[in-house]
Amino acid sequence: MTDIPQELKYTKSHEWVRVEDDGSLTIGITDHAQGLLGDMVFVELPDLGDEFEAEQDCAVVESVKAASDIYCPIEGEVIAINEELEEAPEQINVNAYHEGWLFRIQPLKENNFDDLMSPEDYAELVESESH
Amino acid sequence: MTLKETPIIKAHQDMGAKLVDFGGWNMPIHYGSQIDEHHQVRKDAGMFDVCHMTIVDLRGCEVNDYLAKLLANDVAKIIGKPGKALYSCMLNDEGGVIDDLITYAMQDAWVRVIVNSSTRKKDLAWMRSQIGNMAVELNERDDLAMIAVQGPNARELAAKALGDDIDGAQALKPFNALLINADSDKERFVARTGYTGEDGYEIVCANDQAEQMWRQLAAAGVHPCGLGARDTLRLEAGMNLYGNDMDETQSPLESGLSWTVDFSNDKRRFIGRSALEKQKEQGINYKFVGLILKGKGVLRAHQQVLIENNALTGELTSGTFSPTMQQAIGFARVPTDAEDTCLVAIRKKQLEAKIVKLPFVRNGKVLVD
């Protein structure tokens, strides 16, 4: 079974989102997504200060098998990137929810994250896609 | 649509395979990590379920004449030499590649051909349509299964695992094959061939014995490997993949396959010959090369290749991240005068790549700088 932590929010494009205490959002790809892509070999992260709209492509993760775009879940400005992935992209395979985080954004507007999915809804999406 | 399954499916599930739809077949893509599986084959021994490939037996007193016409390589090289193998393309009248295949001389008036799975239907239709009045009988052997055992220790471990079942195979020379226990239920066809750039065997047996053979090999220490590793291994080894690196719209002469097209016998008018001769007369515009990306990133099929001071552009036909070299590598069709370096368009960037001669890796060793 794929790991879907209860404390996170999710997108239909298989990103996870953690709301930090300071209101910023940490973003990565889910365990299910890394399992589908397989061994990661390259990550292209946004630059600090880049601003993205919701659902805009802002990063790329590449496994041996395929390249996959990462979409910004909420309009925001990039305030941190996981530079360690440049040398060790396999961290995404090892632990997609911790060492495998991709970047952090500061939302540009007040947001109640209604557009993001709950763990239950995401689990349903994963289930429906595997049939 | 229900996916087709090979006779080894149960063992794949038991061994933790991640199964995917591969051209209508439910096949293992990996058993955990395709990079680990890749290294197993380069350093030790791995095995691949290749039962989805199509085995065809051609028999009859005119089989040699038939293949002389059907194949771009000259079957005369292996005729009368049971056990010899020959790699060739099968071309259409325009000189495009219908498929690539391996031909094995079995006995007098009996040749075995192994073609790709994705092209099975059109290959069989084409091969049947070319028989005409010739005394050739075509028989698809879907009663047979095939396992590829590859790696520096593959032959030793296969001998340990399969013992008398493949007796005599140890003495095979590269690109030779042997029929063992013919016409018995223990019949094995063992070829010292493969698609990884490593030593090893491709072993054919009856469908109902394939799962047991797979388990025996695993018990002897041969690692199950998925089709993911098969692709990175063949790319490092500089081996073409049908549908990526050549197809019916591409000439073998611009796909790195000139060495398989044999023009030497003027009288042998194989299918596609006239078209290729015309191409040669008019001039070949592209050559087929290896690319190594200098910086970080991954090369992929269909990325555009730009050459300085050249209006003609090239294109990647295959690309991946090489686990052995820890760099992105690929094959590309580039203008014939391209040398040393080029630029590859990857998303919004143009990244520098080195142009090299294939292959990248053979028998565990990196052959390019």
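Here is what the cut-offs are and how they apply
- Residues numbered from 1 in each chain as written.
- Chains lettered and ligands numbered in written order.
- Predicted model: local features only at pLDDT ≥ 70, side-chain atom pairs only at ≥ 80, totals over all residues.
- Heavy atoms only, no water.
- Contact = heavy atoms within 4.5 Å.
- Buried area = accessible area lost by both parts, 1.4 Å probe.
- Salt bridge = Lys/Arg side-chain N within 4 Å of Asp/Glu carboxyl O.
- Polar contact = N/O pair within 3.5 Å; in protein donor to acceptor, adjacent residues only side chain to side chain.
- Core = buried A, V, L, I, M, F, W, Y, C linked by side-chain atoms within 4.5 Å.
- Buried < 20%, exposed > 50% of the residue type's maximum accessible area, 1.4 Å probe, protein only.
- Helix = DSSP H or I, 4+ residues; strand = E, 2+ residues; numbered from the N terminus.
- Domains from an automatic or database assignment.
- Axes fitted to C-alpha atoms, helices over the stretch in contact; angles between N-to-C directions.
- Parallel < 35°, antiparallel > 145°, perpendicular 65-115°, else oblique.
- Left-handed = near helix turned anticlockwise from the far one by under 90°.
- Nonpolar A, V, L, I, M, F, W, Y, C, P; charged D, E, K, R; others polar.
- Arc of directions from axis to C-beta.
- Phe/Tyr/Trp six-rings, centres within 6.5 Å; stacked < 30°, edge-to-face > 60°.
- Lys NZ or Arg CZ within 6 Å of the ring centre and 35° of its normal.
- Patch = residues over 30% accessible without salt bridge, like charges linked within 9 Å, V, L, I, M, F, W, Y side chains within 5 Å.
- Areas by Shrake-Rupley, 256 points an atom, 1.4 Å probe, with all protein chains shown as cover.
- Lys, Arg positive; Asp, Glu negative; His and termini not counted.
- Charge placed at Lys NZ, Arg CZ, Asp CG, Glu CD.

Trainee: Give a description of the interface of chain A and chain B that names residues and reports values.
Mentor: Counting residues at the interface gives 15 residues for chain A, matched by 15 residues for chain B. In total, about 1,400 Å² of surface goes out of reach between chain A and chain B, with carbon and sulfur atoms giving 50% of it. Here chain A and chain B share five salt bridges between them. A salt bridge links B:Lys296 to A:Glu87; the shortest N-O distance between them is 3.7 Å. Between chain A and chain B we count twelve residue pairs in polar contact (both at pLDDT 80 or more) in total.

Trainee: Lay out the nonpolar core in plain terms, naming residues and giving numbers.
Mentor: All names here are of chain B. Membership of the largest hydrophobic core comes to 34 residues, with the highest contact counts inside it found for Phe-48, Leu-91, Tyr-104, Val-261, Phe-270 and Leu-276. Where this core is concerned, the elements lending two or more residues are strand 5 (85–91), strand 6 (97–107), strand 7 (110–115), strand 9 (144–150), strand 11 (188–191) and helix 7 (227–236). Dropping the residues within four chain positions of it, Tyr-104 is found in contact with Ile-78, Lys-84, Ala-85, Trp-110, Val-111, Arg-112, Ile-114, Ala-177, Phe-189, Ala-191, Thr-193 and Glu-202. In this structure, Ala-154, Leu-162, Leu-172 and Ala-210 belong to the second largest nonpolar core, which totals 29 residues.

Trainee: Tell me about the domain arrangement of chain B, and name the residues and values.
Mentor: All names here are of chain B. Once the domains are mapped, chain B shows domain 1 (1–282) and domain 2 (285–366). Once you take the C-alpha centre of each, domain 1 and domain 2 turn out to be 27 Å apart. At the interface, 23 residues of domain 1 touch 24 residues of domain 2. Counting the surface lost from both domain 1 and domain 2, the interface buries some 1,800 Å², and carbon and sulfur atoms represent 52% of this.

Trainee: Tell me about the packing of helix 2 (residues 34–43) of chain B against helix 7 of chain B, and name the residues and values.
Mentor: Residue and element names in this part refer to chain B. Relative to each other, helix 2 and helix 7 sit at 50 degrees, their axes nearing to 8 Å. The pairing of helix 2 with helix 7 is recorded here as oblique in orientation. For the element pair helix 2 and helix 7, the recorded crossing hand is right-handed. Where helix 2 approaches helix 7, its residues Gln-34, Glu-37, His-38, Val-41 and Arg-42 are matched on the opposing element by Gly-228, Ala-229, Thr-232, Leu-233 and Glu-236. Looking at side-chain class alone, the contact of helix 2 with helix 7 contains three nonpolar, four polar and three charged residues.

Trainee: Provide a residue-level description of helix 4 (residues 120–129) of chain B, including the pertinent values.
Mentor: All names here are of chain B. Listing the buried residues of helix 4 in full gives Asp-123, Leu-124, Trp-126 and Met-127. Along the axis of helix 4, the buried positions cluster into a sector of 165 degrees, meaning they face one direction only. Elements that come into contact with the buried residues of helix 4 comprise strand 4 (54–59), helix 3 (63–70), strand 5, strand 6, strand 7 and strand 8 (137–140).

Trainee: Could you give an account of the packing of aromatic side chains, with specific residues and numbers?
Mentor: Two descriptors summarise a pair of aromatic rings, namely the distance from one centre to the other and the angle between the planes of the rings. Residue and element names in this part refer to chain B. Considering all chains together, one arrives at seven aromatic pairs over all chains under this definition. Here the aromatic rings of Tyr-104 and Phe-189 are separated by 5.1 Å at their centres, their planes lie at 85 degrees, and the arrangement is edge-to-face. Taken together, the residues Tyr-104 in strand 6 and Phe-189 in strand 11 connect sequence positions 85 residues apart. What makes Tyr-104 buried here is its relative accessible area of 2%. We classify Phe-189 as buried; its relative accessible area is 4%. With centroids separated by 6.5 Å and ring planes inclined at 5 degrees, the aromatic side chains of Phe-331 and Phe-360 adopt a geometry described as stacked. Remark: Phe-360 occurs in the loop between strand 19 (349–356) and strand 20 (361–362) and Phe-331 occurs in strand 17 (residues 327–335); sequence separation between them is 29 residues. A relative accessible area of 0% places Phe-360 in the buried class. Taken together through their ring pairs, the aromatic side chains of Phe-288, Phe-331 and Phe-360 make up a single cluster. Sitting over the ring of Trp-110, Arg-59 keeps its end group 3.8 Å from the ring centre.

Trainee: Can you break down a negative patch on the surface residue by residue, with the values?
Mentor: Residue and element names in this part refer to chain A. Together, Glu-83, Glu-84, Glu-86 and Glu-99 give the surface a local cluster of negative charge. Within the element layout of this structure, Glu-84 appears in helix 2 (residues 84–87). Note on Glu-84: relative accessible area 64%, which makes it exposed.

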